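Analysis of the macromolecular model
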Amino acid sequence: MASNMYHKEKSIQMKSSASALYNNLSVLRIAPRSLTYFTVVHANMVNMVSASWDGLNYSHRQLQSKEANVATSSSLIMQAAWCVLPSRDILVLTSQKGIQMYESDGSIMVYWHALDTPETQTAQAVFARGIAAVREKYICVGISSGSMLVFDVPIKGSNITLSEVLEEHKESITDLASECSGSLECIADMVSADDSGNLCVWKSGEDFQLLNKIPGFDMSCSSVKLWKGTVVAGYGTGQIRLYEAVTGIVHAEVNAHARWIYSLDIAPFSGLLLSAAEDSLVRVWHLTMTPETNSVEIVHMYNECVTDTQICGAKFCDGDGYAFAVTGYDLSEIIRYTQV
Amino acid sequence: MSSRTLPLLFINLGGEMLYILDQRLRAQNIPADKAKKVMNDIITTMFNKKFLEELFKPQELYSKKALRTVFDRLAHASIMRLNQASMDKLYDLMTMAFKYQVLLCPRAKDILLVSFNHMDAIKDFVKDTPSVLSQVDETYRQLIEMYTPLSSGEFQLIRQTLLIFFQDMHIRVSIFLKDKVQNSNGRFVLPISGPVPHGTHIPGLIRMFSCNGEEVKRLQFRNGGNYTGVLREGSFEMFGERVIKLGTNMYSVSRPVETHMSGTSKNSAQKKSVNTTPNPLAKEELNMLARLMGGMEVQKPGNADSGFRVNLFATDEEEEEALISRPDEFSYDVIKIQATKNQQANAELAKIMGDFTEEAGEPCSSSANSKGDDLLAMMDGL
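Residues numbered from 1 in each chain as written. Chains lettered and ligands numbered in written order. Predicted model: local features only at pLDDT ≥ 70, side-chain atom pairs only at ≥ 80, totals over all residues. Heavy atoms only, no water.

The UniProt record annotates "domain: WD repeat-containing protein 54 beta-propeller" (unreviewed entry) at residues 5–340 of chain A. Along residues 5–340 of chain A the backbone is 0% helical and 55% strand, and the end-to-end C-alpha distance reaches 6 Å. (UniProt positions renumbered as here; feature names shortened; annotations may be inferred. Helix = DSSP H or I, 4+ residues; strand = E, 2+ residues; numbered from the N terminus.)

Residue and element names in this part refer to chain A. With antiparallel pairing, the four strands of this open sheet are ordered in space as 7-8-9-10. One side of each edge strand has no neighbouring strand; the edge strands of this open sheet are strand 7 (77–84) and strand 10 (109–114). When the angles between neighbouring strand axes are averaged without regard to direction, this sheet yields 15 degrees. (Pairing = 2+ DSSP bridges. Axes fitted to C-alpha atoms, helices over the stretch in contact; angles between N-to-C directions.)

All names here are of chain B. One non-glycine residue, Asn29, lies in the positive phi region at around 55 degrees. Of note, Asn29 is situated in the loop between helix 1 (6–27) and helix 2 (32–46). Overall, the relative accessible area of 65% leaves Asn29 in the exposed class. With phi around 70 degrees, Val243 is a residue other than glycine that occupies positive phi space. Note that Val243 resides in the loop between strand 6 (226–230) and strand 7 (259–260). Assessed through its relative accessible area of 14%, Val243 is described here as buried. (Buried < 20%, exposed > 50% of the residue type's maximum accessible area, 1.4 Å probe, protein only.)

By secondary structure assignment, the location of Gln96(A) is in the loop between strand 8 (89–95) and strand 9 (98–103). Under the relative-accessibility criterion, Gln96(A) is labelled buried at 10%. Looking at Gln96(A), its side chain comes within polar contact range of the side chain of Glu60(B), at 3.2 Å. Setting aside anything within four residues of it in sequence, one finds Gln96(A) in contact with Ser75(A), Leu76(A), Leu115(A), Thr117(A), Val126(A), Phe127(A), Met1(B) and Glu60(B). (Polar contact = N/O pair within 3.5 Å; in protein donor to acceptor, adjacent residues only side chain to side chain. Contact = heavy atoms within 4.5 Å.)

Here it is in structure tokens:
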């Protein structure tokens, strides 16, 4: 392990602290404008910070959750994430009341979908959670019932439509991920994870097709990634498992963390994997594929301890994994690290 | 988020309140019979059947304001009185203690074990009073019935809901600072040592497999911590060893209960944003409060002689000083309902609720806004 692979950079201050929610950090790199956007959820709001690459300019925006017939909503937001499509980037917010979609800088809401909320409160919570952009034109969002909504997104404008509802999971969706290698050869386009640890592997299209179901072991899978046909799943027990998406074959099992894993990310060009948990540790791993033997290897590269912090979000800031950013519960800063 | 959070929040905060009051009653040498009466009265009110029925219904968490109001009422359920400063301090201690317990729980499910620790202690407080004891036992059964079937993910949702409720609270508690579980900036120490939770493996092992499931390679990595084994699972039944120590009584007569107000105000701006509840929700909250309070039978103080005041500070002067110097951003908004006017207040509340619901058909949200304001103003004046 390289103990000096990364070093800490100057943190970015936020207007409010991060809430303890899975995958609570989203990063959008905008190369043509030399800046990076970060979003972090705080209760019923989203903190959006835009940081120029020279470190000189920061601007802040706060987005609120939305609710029908109410001026200001206290509905809690479960997740905020950018969906990168070929022609546009859409910022998606999922809350207890519905799904909000914005143009990438958060200035205009282009779409709102209200969840069916029962008249009287039920024991089962209602919320949307799990966001992924799939192939050229879809945005998928998970629901607490286990359903998943597939939205069809046009090249521009607000004519976003609900294309399909996928009913495969029986437990609340925790996270969604689309194939991030950029390769068109991969059969599987998306993986969905739920609170019982079940994983579903999908092929996108006018009708999404279920390719495989990988059973869980009664432990929530809180974060999932799909890279070169390999599913990387992080669990509440602190374990990370690697599966071959289409067959469900287990490639590797890692006793990675001492507490619940809250975030995973992959740098698609280098195969670096980032994992972060309630145990205050962020770990960097490296994945190597050997197509000839159909094997996947994972090695540990680096540890970073964020003292006295339960980490809730960790993402690479670029496709090579040269830099990553971290958020923690009750912390009002986005901590950044870059390779030495 | 989770609609099953309120019972756990209430029971654990209530438990902490009882620990602190018990310590203060003994520290102030309150006669044993009076002290016992106070504890019994509060516990009886806490576990009132009608009250619990309301509590266990699926619902969103109350705002901080509403919950503080409930505990004000609960603390005054007997012959004991607390001044504003003492009540503020009591509430600070209760909330920081439970925040600590929720954060440090090894597994989300262990919040239930923390709750059982509080319940076990409460049971011990009333072990000589069979009528209250049976109410406590009934509550155990309800907890077991509601929570033991929940999955790990559902417990984590409860935990996340609680953590949003406690977000940005960094009040420093002397006993935590002394025990080095809290830093001087108000944040809790999260150790990367000790046993790992039940069901988790000590980090360090990578196993890789071939296509037919055979292990082909093992790698070890440095985990950066100092983990020493795996915790046993505690008992989720009415009796049994809980294993987790969080939620047991950390106070004793010789360990004082102090909080520090200074040095935590830098988070005041953030605290404000979490506390703000939009007015249109006031109606729902008042509905819930009215139902809850209706179930809370509060005793009128008997004759003037039996009543007494408890001070959470070392001296009366300190208490007065604390009230004056408490920073604005830490003031708890409370809906003032005086305990002495119990019957009258309930009737008023009911009438107000009746008036309000008749006009609930109005579609315009701005009129609902002003209704909420009027209602709150009326209640403040009760």
